[in-house]
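# Topology and contacts: notes
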Amino acid sequence: MTLFSLFTNTHSDLFSDRKVIIEKHWHELIPRRVVDFFNDQVSRAMADGEDVTREDVLPIISSPKYQLINVYRDGLTYLSPVTKEVDPMMVFEFLHRIPDIMQEYFGQVSETVIKENFVTVYQLLEEMMDDGFPLTTEPNALKEIVPAPNILNKVITTMGATTSVSTRKMPHGMSNLPWRKAGVKYTSNEIFFDIVEEIDAIVDSTGKAVSCEAHGAIQTNSRLSGMPDLTLSFVNPRLVDDCSFHQSVRFNKWESDKVLSFVPPDGHFRLMSYRVNLPSQQNLPIQVKPSINIGANGAKFDITVSLRNTDGKPVENTVLTLPLHKSTTTLTAHCNVGQYMFDPVGKVLRWDIGKIVPRERAPVLSGSFGFGSSSEAAGNAGYNIGVEFLINSHSLSGLKVDVLKLFNESYKPYKGVRTMTKAGRYQVRA
Amino acid sequence: MDVFSKPKFFATSSKGENAELLAELNSEYRDRRKDAVKRVIANMTVGKDVSGLFPQVVKNMQTEDLEMKKLVYLYLMNYAKSNPDLVILAVNTFVKDTDHVNPLIRALAIRTMGCIRVDKILDHLSEPLRKCLNDDNPYVRKTAALCVAKLWDLDQERAIDNGFVTTLQDLISDSTPMVVANAVIALAEMQESSVNKDVFVVNVAVMNKMLAALNECNEWGQIAILTSLAEYRPLDSKEAESVCERVIPRLQHANGSVVLSAIRVLMIFLRYIRNDEFTKGLIKKMSPPLVSLLASAPEVQYVALRNINLILQKRPDILQNDVRVFFCKYNDPPYVKREKLEIIIRLCNDNNVDQILSELKEYASEVDVDFVRRAIRAIGRCAIIIDEASERCVNVLLDLINTKINYVVQEAIIVIKDIFRKYPQRYEAIIPTLCQNLDSLDEPEAKGSLIWIVGEYAERIENADELIENFLETFLEENSQVQLQLLTATVKLFLKKPSQSQEIVHRVLQTATQEIDNPDTRDRAYVYWRLLSTDPQAAKAVVLSEKPPISVDSSANNLSPALMDELINNISTLASVYHKPASAFMGNKAFSADAVRKAAVADARDEEQIIGEEAVASPTAPVAPKNALIDLLDLDFGSSEPAPATPVMSPPTSNKSGPNYSGDLFDMSSDMSSGGGSGVFGGMGGMGGMGGVGGMSGMGFQQNQNQNQSQTSTSRDAFGDLAGFGGFGQPAAGAAPSQQPPKPASSNTQSSTVNDLLDLF
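Residues numbered from 1 in each chain as written. Chains lettered and ligands numbered in written order. Predicted model: local features only at pLDDT ≥ 70, side-chain atom pairs only at ≥ 80, totals over all residues. Heavy atoms only, no water.

With that out of the way, let us pick up the pairing of strand β19 (residues 348-356) of chain A. A regular strand carries its side chains on alternate faces of the sheet. Residue and element names in this part refer to chain A. Taken together, the seven bridges between strand β16 (residues 315-323) and β19 define a ladder with antiparallel strand orientation. Bridged to V315 within β19 is I356. Of the pairings in the sheet, the one linking strand β18 (residues 339-343) to β19 comprises five bridges and is antiparallel in character. Looking at the pairing, Q339 lines up with D352 of β19. Linking β18 to β19, which pair antiparallel, is a turn of four residues; within it K347 sits at a positive phi near 55°. (Pairing = 2+ DSSP bridges. Helix = DSSP H or I, 4+ residues; strand = E, 2+ residues; numbered from the N terminus.)

Below, the structure written as structure tokens:
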């Protein structure tokens, strides 16, 4: 289960300009030419077909000597070559943690950001793994050891003052509760829960859900003093089909009483994630009715969007994307709400609807597109519409928080709960 | 100076950068020294050689500034190897740091010392390490635990002699879970490379201590503990149950690796559980977390899907009601789609087949040609798995043929041929529809399939001879696979309708023997010729013999039980992703050879897999390992087959003398798709003397599948004619007369025609 080395390289869409930005070896040095080999394989895989993108390349590639385990995110490849049997799932989990942490530290992840903060990045990598074994990957714990770059720190460093702040403190791993430090103090105690549900769905052209599930997460921001012991209960916990918890949650309590009992870490953390299988007759909040009539040289289409089950709430940030066949050359359309855009290179039609208010007229986009050369494949290809939207103060699964109780501390915290439903991987077949 | 400006670490400066850095490193101002160290490290990361600054950088190691210290440590780890003599400069500071009042610094020092893989450091490591292993602070102890593994890696003897291994074993009883976890991590790592394999033996006591720490340590520690738990073999069902109870909560972890590691333990321990009720409950609990993994990043999904595929083969009752979650999104990466498709087929049953069929039909209209083909093949597999659904499948396939999209039509015809093999005489009504598409076929496999159908049903197709004639026009230009099919179909036609086709068969045999250089085609033509001229009854028995039915879900998609168990033991490893033992894909030759030797003793079948895989995969594997992977699946011979003694088989080489049957048959089969080589001689030799060939025809020939095509459950290229060869073997085994088809009435005329034919020669 050892992860040996990590190369992070940029990956532009063209086959040039792939350079190593970060190279970090935790056990022994792996020669850089492995990256050349890897890039070569990626280029070859991508040359396989015109539709093959970087995302389509296998995450585990064999080479005579190494197994090249790689993750591609935000235009960067995180490559870990291994020479012996490993747990690839663990490697992927770890590799994903790296951009997660960088996001947490720098607010965004890109080649430029990494270069500007390389000293912090290297320190983080050093703390995250020791000799191939993941060490500290909790953002809260890491921030204790490696200070995040902020104006104050920069002032201190530039002024030449000591950055001994962190040397005085004990790392998280040393307290009884590894996720919470002792002696936290706030003047106003507050805790916020954001319940965000994402709908993953495949909907057929008649509006029936072929598959449909909701993935929820309870993102928590805890600003509570001392050692608060919390119990959060739900009105309808049995809705949940599968769930996973933050380390702090007492699993037995959930098993027996279906309540979340925990001493929270300080700051932001994900308390719980859960999955709810939705029945296929589930009323989805939004209905997209596409009709595409394909002829030999092109097609006429119209797409109607209507609200169905939003509890009277408006649907916001609605965007529809319709990837067209690659032989498509022309498109004309008009819509009554929002605006549309046709990307003639990527062959994607994007319709930005924005906010849809219940009982207002339904947004319609209609028009036609033409194939440059008539081909039977183009004529028979299926179409899929990707749908994005979000609804505030709405939970598709219907999961509801009942009460939050606080033990072990005497103050009365301010409690806030927000819910939101979003489209996850939501697609409609035309 | 602008306080907020970012230091320009990557700024390219004039030639004397190192000289400039040298001066800065010696600066009397701490911040300038620190900036200089940062610049040194920046240069180091872009690959510039800054090792010349070693003494100056190391001088800055002695500081109370933790960040500075860490930066110097970073530099040291990078350059220690190239400057072993200079490392000594740092040793004193290291040793001093391991005595520092701040546990963070103690831990950091011991951690870094262990990472400097230089012998000179080792001499000074023992004392500080001993202290740190017994440190009051758990954070230091857990760091020191890993350091023992680092020392072991460089010098096992030193680690043992200093008692570090024993101390580490004691740490399993530590009161802090994280220390236990790290001790487990270190010991497991050492066990792997230990000679006597006695460093870390998981017994009841160790297991209980690990279980106690399991819930309290972090995710990575949990993975390590679960991985080690999988090594333990319970004494009885009760014990297995109690371990499972304690592992089940881990299924609720957000980290996919924890989940999969827990699944591995459960799958292994399930073997020992005799309590059906418990088993049922356990299987039910395993489904939701596996489904949840599919909401993760595509890479995680990929590993999850490969493992689910394995688990389903072992426990088909899992995930029974969850087929919908495996339906493909149009923007799933192709490698995820392929795996989902495999699982959809595995989950296909009477209740969900309609849902699955409409889904597969949907996929057949996607843009990705490879995926479309796989989807169509999957429809064929549905038909073969579920008898009642076969008609619906055929209807869907006919719909697809009506789209007239070339590759869809071809693939559908290939699939329909399999359905014909599974359900003979049930769907002949559609033959005319198939024949309408004759002109659009240009792929050998599709062409071969249609020709096979025509030959097989010659007596029911009125214009069979015309169709065959039509195909024969291009006989010489065809791919050898098509030539072989044509040859066999013509002979079948002749045996079924002798009056119409005497001239055709004569022409074909003559062309094949005189004008074709491909030894396969030529030799098969000779065989038929000889057969027809010597014993027409035998010819009938052989060529028209009853084909062994294609099995419901044959070896093409399933692993042998032995390999299966090995892979279940290795859930959540690369082996479980590739579906082959680690020795088959890891570059380390020594390891591989060793494993192959072991496999030879343990299971000859698996060994074949390894070697066969290497032969097939080595040139292409790096390009697309997934393809090689499927090949491997195909190489599986099923459990009923007697394992051939010699596992050497390099498909395209010729093997004329053919002392071993399996090798020859492989040659033959690979020839059918690749068109090279000349295995038939050997194959013939095999048939002459061996009765078991028939048994192989259904399984062994899986190998000849085109590499990147998804497998149906049938030996596709082998069709009926190879099955015919299989049949050929059977009479030779001694029961020839009794196996003749009972057609006394027609045999007279037939034999006379054959005699006429004979006269012609």
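Continuing now.
A separate point is the interface of chain B and chain A. Listed as interface residues are 102 residues of chain B and, on the opposing side, 100 residues of chain A. Carbon and sulfur atoms make up 59% of the surface buried where chain B meets chain A, a total of about 9,100 Å² over both sides. Counting across the chain B and chain A interface gives 31 residue pairs in polar contact (both at pLDDT 80 or more). Sort the elements by how many residues they give to the side of chain B that touches chain A and helix α2 (residues 30-45) of chain B lands first, with seven residues. Its residues placed into classes, the side of chain B that touches chain A shows 56 nonpolar, 20 polar and 26 charged. (Contact = heavy atoms within 4.5 Å. Buried area = accessible area lost by both parts, 1.4 Å probe. Polar contact = N/O pair within 3.5 Å; in protein donor to acceptor, adjacent residues only side chain to side chain. Nonpolar A, V, L, I, M, F, W, Y, C, P; charged D, E, K, R; others polar.)

Residues and elements named next belong to chain A. In spatial order, the strands read β12-β10-β22; together these three strands make up an open sheet with antiparallel pairing. Each edge of the open sheet carries a strand with a single partner, namely β12 (259-262) and β22 (401-407). Across this sheet, the average inter-strand angle for adjacent strands is 10°, counted without regard to direction. (Axes fitted to C-alpha atoms, helices over the stretch in contact; angles between N-to-C directions.)

Caution applies to low-pLDDT parts of the model: their predicted coordinates are not meant to be read in detail. Residue and element names in this part refer to chain A. In the predicted model, chain A carries a mean pLDDT of 84, and 87% of its residues have values of at least 70. Low pLDDT (under 50) marks residues 11-17, which in the prediction has 13 contacts with non-local residues, meaning those over four places away or in another chain. Contacts of residues 155-174 to residues separated by more than four positions or lying in other chains number 43 contacts, the stretch itself having pLDDT below 50. (pLDDT = per-residue confidence, 0-100.)

Let's shift gears to empty space enclosed by the protein. Under the criterion given, the structure shown has nine cavities of 30 Å³ or more. Taken as a whole, the second largest cavity holds about 70 Å³ of empty space. A:G382, A:N384, A:Q427, A:R429, B:C328, B:K329, B:Y330, B:E362, B:Y363, B:S365 and B:E366 are the residues that line the second largest cavity. Elements supplying a minimum of two residues to the lining of the second largest cavity: β23 (414-429) of chain A together with α19 (353-363) of chain B. (1 Å grid on protein atoms, 1.4 Å probe; cavity = no way out; pocket = protein on both sides within 12 Å on 5 of 7 lines; lining within 4 Å. Points joined across faces, edges and corners; volume = space filled by probe spheres on them.)

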